[in-house]
Amino acid sequence: MITPRKPSFQLIALFDLLMIVIFAQYLDVQATSEQVTQSARVETERLKSDLTQLESAREADRVAMQALEAQSNDLAAQLEQQRSAKDQLASELAASRIRADQSQAGLEAATRLLTTWLGKHRAVIEKSLAPIAQQQQTASREELRRILAGSPNAAQRHLLTWGELEKRVDLWQLHLTEDGLVRCTASGRTEQFRADTAARFESELIRVYRGIPEPKAMVLMLLSWGDVDLKTRNVATAALERATQRLREETDRRSRFELGILGFLPDDRVAPLR
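Residues numbered from 1 in each chain as written. Predicted model: local features only at pLDDT ≥ 70, side-chain atom pairs only at ≥ 80, totals over all residues. Heavy atoms only, no water.

Visitor: How should I be thinking about a nonpolar patch on the surface in this particular structure?
Guide: A contiguous nonpolar patch, built from Phe15, Leu18, Met19 and Ile22 and spanning about 380 Å² of accessible area, is present on the exposed surface. Topologically, Met19 is positioned in helix H1 (residues 11–120). (Patch = residues over 30% accessible without salt bridge, like charges linked within 9 Å, V, L, I, M, F, W, Y side chains within 5 Å. Areas by Shrake-Rupley, 256 points an atom, 1.4 Å probe, with all protein chains shown as cover. Salt bridge = Lys/Arg side-chain N within 4 Å of Asp/Glu carboxyl O. Helix = DSSP H or I, 4+ residues; strand = E, 2+ residues; numbered from the N terminus.)

Put into structure tokens, the structure is as follows:
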């Protein structure tokens, strides 16, 4: 009697197939895992780069903010300085106006005083003009008449002109007195000396110069004389002409010295210059 065969599976073949399937799945999972890991790595790098850029931008913003704050502080300080300067300027302007008003008042008072004095002593002044040259005498009388007859502007002009002249020019007054002395007034100081020769006159004048402050760029030496002889006048004139050159050298030519001849003026009518 033949026994029928029961169905059976080839277990070994199935096991092999199972292993192949499992290995294939393993390979697929590994590939997927590597792909995910690579994507994650790329995304991480991208995020790191973005974070670095954000931090750089944040730092740049912080630096820019600090610069803006510093600029704002500088502008505020400048504005405060401008306000302070404006206030100071306004204060100085007010003070200048006050000084200008005071100067104008002083100038007007001096003008009135000068005009009054000239009018009061007009006869004496005109008499003192008699010894000088006719041309200069006529011009001086005309100027005196114009001051007294005209508006106060003429006297003011004289005062202002004299003030500007004193700012720029030193006026030295040298007067030969009747008793043989030379009266020298320079920079507010007056000295007297004897000078019988041109060389002595020159050396004494240099001595006087060395005892006074540094002169201005222009020095005008005004020579006048009282009742003295022609020889004395010629000696003084020659000495002054020589002295101007030495004085230029004494000042290294920083100052220019010029000689002006006023001529005869009585001793009692020579008022020392300031």
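Visitor: In this structure, what is going on with the nonpolar core? I would like to understand it.
Guide: For soluble globular proteins, nonpolar side chains are generally found buried alongside one another. One finds Trp172, Leu174, Leu176, Phe201, Leu205, Met221 and Leu247 to be the most contacted residues of the largest nonpolar core, which totals 27 residues. At the level of secondary structure, the elements contributing two or more residues to this core comprise strand S1 (169–176), strand S2 (181–186), helix H5 (198–210), strand S4 (218–225) and helix H6 (230–250). Residues contacting Leu247, with those up to four places away along its chain left out, are Trp172, Leu205, Ile206, Tyr209, Met221 and Phe257. (Core = buried A, V, L, I, M, F, W, Y, C linked by side-chain atoms within 4.5 Å. Buried < 20%, exposed > 50% of the residue type's maximum accessible area, 1.4 Å probe, protein only. Contact = heavy atoms within 4.5 Å.)

Visitor: For this particular structure, what's the right way to read the sheet that holds S4?
Guide: Sheet strands pair via backbone hydrogen bonds, and the direction of the pair is either parallel or antiparallel. The 5 strands are arranged S3-S2-S1-S4-S5 in an open sheet whose pairing can be described as mixed. Taken across any chain shown, the strands that pair with only one partner, and hence form the sheet edges, are strand S3 (189–194) and strand S5 (256–264). On average, each strand axis in the sheet is inclined to that of its neighbour by 20°, with strand direction left out of account. Pairing of S2 with S3 involves 6 bridges; the strand directions are antiparallel. Paired with Thr185 across the two strands is Thr190, which belongs to S3. Contacting S1, S2, S3 and S4, H5 runs over the sheet at an angle of about 155° to S3. Packing of H6 onto the sheet brings it into contact with S1, S4 and S5, and relative to S5 it is tilted by some 165°. (Pairing = 2+ DSSP bridges. Axes fitted to C-alpha atoms, helices over the stretch in contact; angles between N-to-C directions.)

Visitor: Would you explain H5 in this entry?
Guide: Each turn of an α-helix holds 3.6 residues, which means side chains three or four residues apart point in the same direction. With 13 residues, H5 should reach 18 Å at 1.5 Å per residue; the first-to-last C-alpha distance of 19 Å fits that figure. For H5, the complete set of buried residues consists of Ala198, Phe201, Glu202, Glu204, Leu205, Ile206, Val208 and Tyr209. Buried positions along H5 lie against S1, S2, S3, S4 and H6. (Expected span 1.5 Å × (residues − 1).)

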